[in-house]
Structure formats: C-alpha cells, structure tokens
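Structural characterization, general
Letter by letter, the chains look like this.
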Amino acid sequence: MAQLSLQHLDKIYDNKVQAVYDFNIDIEQGEFIVLVGPSGCGKSTTLRMIAGLEDISKGHLILDGKDITTLPPKDRDMAMVFQNYALYGHMTIYENMAFSLTLRKEDPNIIHKKVLAAAEILDLTSQLNKKPNQLSGGQRQRVAMGRAIVRNPKLFLFDEPLSNLDAKLRGSTRREIMLLHKRLGATMLYVTHDQTEALTLADRIVCMSMGHVQQIGTPLELYDNPANLFVASFIGLPPMNFFEVLVSGDKLIGPHFEAEMNPEQKDLLASYQGKHITLGVRPENIAEGGTIPVKVSKNENLGMNTLVHGHIDGTAAEGKIVCKFRGWCDYKDGDIAMVSFKKMHFFDKETTNAITREAQV
Ligand code: ADP
C-alpha cells in the first residue's frame, strides 16, 4: 500500500482562485517525489495541503492507510524545510535543532543523542555552539534540514530549499540532499521550479501547469517521452526546439527543410498524412552533417559542448533553433551549419499531446 495517497485533491482559495485541480498520486515509502513547474502552477499549495497548512477544498489525503484530510499539522508527523530556513537568530545551532523536541518535552538525553546524530550526518558537529548569523547560507540550510531530521518524521516536505543559495552551493547542497535521502531512506516531497533539480533528485517527477498535473513519471520518462508540449518544453535545458511540419509520404516538410522518417515513424504518423503536426527536437539530438541548413547567430562554447543558436536558413522567427554539438565548435555569425535530427518527438497540433502508439490503440 502506498504510504501517502493524494486522492482527487482540489484547492479553491477564498477569492475563488482554483490553484489545484484533481491531483492524484500514490507515493511509496522511501520515494523521492519532486513537484516541478513554473511559478504559480500550484506546487506550494499542494505541499501546504499535505502539511495541513492549507485546507483541502475537495478530495482525500491518506497517510499509512489513515485519512488525515482534516488532521491539524502538528498531528501529521511531517517536517517541512523552507527556502528561508526560518532559524531562530538568538539560539545556537544546537538549540535550533533541538527546539521542536524540547517543545515536545522529550527526554534531554534522547534530544542530545538525536541532535548529535543529525549534526554528524550534516557535517555540522563543529558548528553546534554558533549562532545562525555565523554560518554560511549552505550551512544554515543544513541546520534547517537538521531540525527536520531530529523529528524522524514520516514525511519530509521541502519547499524550494535551494532557491536562496548561489549556483555553486545549490549544486553541492543538492548532492547533500540526495545523500541524505539515501542514508535516511525517508519519503520526501520536494517542490521546485528548477527542472535540473527535478531531473537530478527525483525518483518520480510530477510536472504541473496552471493547477493541473501534466505528467507523473521517472526523470527519464519525462525527458524521453514527454506526454505533451508543456512537459516537452519544460523538461530539458536548453529547451526542445519546435517546428510546424507537414506529414507527406516519408518526409516531414518544415519551413525550408525536410526531415526523413524511418518506417516506424511513418507508421506512427499514418493517420496524420497530409496534416500538420508539431515536431520537437532536443538541442542535443541535433548533429553536425546533414541536409538541414542552420544560419548561425551565436556560437556559445561550454567546454565539453557548443551551443549553436540560429534559425533554419530562409526562415524568420518560426525557424529558430538551438543545437548542442559535442566538443568545441567555432562557427561565426552568418555561417551555415548543415545538420540532421537524430531523434524526433511528435505532437498533435490541436491537443498538444504527444503522438504515441498507445494513444492510437
Ligand atoms: P507555485 O508554488 O507553483 O508557485 P502556488 O501554489 O503558490 O504556486 O500558487 C498557485 C496559485 O494560487 C497562484 O495563482 C497563486 O496566485 C494562488 N494563490 C496562492 N496562495 C493564495 C492565497 N493565499 N490566496 C489566493 N490565491 C493564492
């Protein structure tokens, strides 16, 4: 049985704004779930409903088989880590980490053991006598996690915990959270607008847009088989390129280019012959050499790769394209790079859903 089930959760705020529509997921014990989507899509609202900080307008929340839809936050056995750490400035790191246990009047010996164990896991042992303002942002975020760990909760909830850290610290703290998850084996729910965090941290990602769940799946499923145009454009960086193309015989005819289909792709698109679809191609699935002419406007060397920005030669805005080539390239503005598409994604223009074999059965 799932540890946490969200069953048809809706959130309608008092001002009639509906922030979440019919959210369903079964989360297993030990899973790391990341809710990802642009600002305002309903991620925090969902997390706050789970924590009990917002009322659930409709639906049910089941934790370990028990309906907790209306249970007060303090009885839910969950610990939340926020982006602004929310540490007490006048208390030491030790006191901050011990605070919730002291409040619950736990045995001081047990509190001491739990704080030391959490400090050890988080490499904070030498910081315990300091005040929060003597610590770096990354260390403060680890203290916030320590406060959650000492409570040994059924569920960890993270609300954009890395967004106040600079880029380098974000990377290292992200890796610490991954290790923490492995070490504790705890169930974690993590909210972020950053697709990189979602891809690197999640066992499963829930991608949201405008209050609606768009797709739930492993990082690879969302990357390789995005369910619709929204997920395709949100997951992956730089984002997928999109072109409107005509399906014609074994060719896709785009603005000033043609791409060949293999028999399998032709078969997949059989019912779209003579119609327009949206073709999606990830920058990293474009290779040098081929028949598609890209007029270069910018050559960005990243070391291992080169991002080549431009447009399909002969087109204007609709032919914009970003290619990610291996190694170091030296294209100049105005050069023509001849390219080919190594992997293509197809989307229905009307529904914006991915065209898949399953959808046609
Ligand atoms: P996210 O976490 O994805 O950025 P939120 O869950 O914070 O999104 O917000 C989802 C939607 O709900 C937004 O349109 C936001 O303006 C609205 N919203 C959030 N909190 C409230 C509130 N307390 N009252 C009314 N509307 C709110």
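Residues numbered from 1 in each chain as written. Predicted model: local features only at pLDDT ≥ 70, side-chain atom pairs only at ≥ 80, totals over all residues. Heavy atoms only, no water.

On to the domain arrangement of the protein, then. Here the domain parsing of the protein yields domain 1 (4–233) and domain 2 (240–348). The C-alpha centroid of domain 2 is placed 39 Å from the C-alpha centroid of domain 1. Counting residues at the interface gives 8 residues for domain 1, matched by 8 residues for domain 2. Across the domain 1 to domain 2 interface the summed buried area is about 680 Å²; carbon plus sulfur atoms make up 56%. Considering only the surface of domain 1 that becomes buried against domain 2, Y223, L229 and A232 emerge as the three largest contributors, covering 65% of it. On the surface where domain 1 and domain 2 come into contact, there are 1 salt bridge. (Domains from an automatic or database assignment. Contact = heavy atoms within 4.5 Å. Buried area = accessible area lost by both parts, 1.4 Å probe. Salt bridge = Lys/Arg side-chain N within 4 Å of Asp/Glu carboxyl O.)

With the rule as written, the count across this model stands at 10 aromatic pairs. Consider the rings of F156 and F158, whose centres lie 6.3 Å apart with planes at 10°: the pair is stacked. When sorted by exposure, F156 lands in the same class as F158, which is buried. Among the aromatic residues, those joined into a cluster by ring pairs are F32, F156, F158 and Y190. For the cation-ring pair, K275 lies above Y272, with the distance from its terminal atom to the ring centre recorded as 6.0 Å. (Phe/Tyr/Trp six-rings, centres within 6.5 Å; stacked < 30°, edge-to-face > 60°. Buried < 20%, exposed > 50% of the residue type's maximum accessible area, 1.4 Å probe, protein only. Lys NZ or Arg CZ within 6 Å of the ring centre and 35° of its normal.)

To continue, consider the sheet that holds strand β6 (residues 78–81). Taken in spatial order, the 6 strands of this open sheet run β6-β7-β8-β3-β9-β10, and their pairing is mixed. At either margin of the open sheet sits one strand with a lone partner, and together these are β6 and β10 (212–217). Pairs of neighbouring strands in the sheet enclose a mean axial angle of 15°, with direction left out of account. Running over the sheet, helix α1 (residues 43–51) touches β3 (32–36), β6, β7 (155–159), β8 (187–192) and β9 (204–209) and is turned about 150° from β7. (Pairing = 2+ DSSP bridges. Helix = DSSP H or I, 4+ residues; strand = E, 2+ residues; numbered from the N terminus. Axes fitted to C-alpha atoms, helices over the stretch in contact; angles between N-to-C directions.)

Neighbouring residues of the ligand: Y13, N15, A19, P38, S39, G40, C41, G42, K43, S44 and T45. Y13 is positioned such that a nitrogen or oxygen atom in its side chain is 3.3 Å from a nitrogen atom of the ligand. C41 has a polar backbone atom sitting 3.0 Å from an oxygen atom of the ligand. Relative to its unbound accessible surface of 560 Å², the ligand loses 61% to contact with the protein. The dominant element in the shell around the ligand, judged by the number of residues it contributes, is α1, at 3 residues. When the residues that make up the shell around the ligand are grouped by side-chain class, the tally is 4 nonpolar, 6 polar and 1 charged. (Near = heavy atom within 4 Å. Polar contact = N/O pair within 3.5 Å; in protein donor to acceptor, adjacent residues only side chain to side chain. Areas by Shrake-Rupley, 256 points an atom, 1.4 Å probe, with all protein chains shown as cover. Nonpolar A, V, L, I, M, F, W, Y, C, P; charged D, E, K, R; others polar.)

For the rest of this paragraph, the subject is the side chain of D348. For D348, the location among the structural elements is in the loop between β19 (345–347) and α10 (357–360). As a buried residue without a salt bridge, D348 has its nearest oppositely charged side chain in K275, at a separation of 7.5 Å. Residues in contact with D348, not counting those within four places in the same chain, are Y272, N353 and I355. (Lys, Arg positive; Asp, Glu negative; His and termini not counted.)

Judged by pairing direction, the sheet is antiparallel, and its 4 strands sit side by side in the order β17-β16-β15-β18 without closing on themselves. With one partner strand each, in any of the chains shown, β17 (320–326) and β18 (336–341) form the two edges of the open sheet. In this sheet, neighbouring strand axes are inclined to one another by 50° on average, regardless of whether the strands run parallel or antiparallel. Two strands pair when backbone bridges link them, and strand β15 (residues 286–301) and β18 are joined in this way by 7 bridges, in the antiparallel orientation. Among the inter-strand pairings, I286 is bridged to a residue of β18, identified as F341.

Attention now moves to the pairing of strand β1 (residues 4–12). Pairing analysis gives 5 bridges linking β1 to strand β4 (residues 58–63), with the strands arranged antiparallel. Looking at the pairing, L4 lines up with L63 of β4. Pairing between β1 and strand β2 (residues 18–27): 6 bridges, direction antiparallel. Residue L6 lies in a different strand from β2, and its bridge partner there is I25. Counting the residues that bridge the hairpin from β1 to β2 gives 5 residues, and of these K16 lies at a positive phi of roughly 75°.

This next bit is on the environment of Q265. Relative to the assigned elements, Q265 resides in helix α9 (residues 263–268). Judged by relative accessible area, which is 17%, Q265 ranks as buried. As for Q265 and R147, which are separated by 118 residues in sequence, their C-alpha atoms are 52 Å apart. Contacts of Q265, omitting those with residues within four sequence positions, involve E260, M344 and F346.

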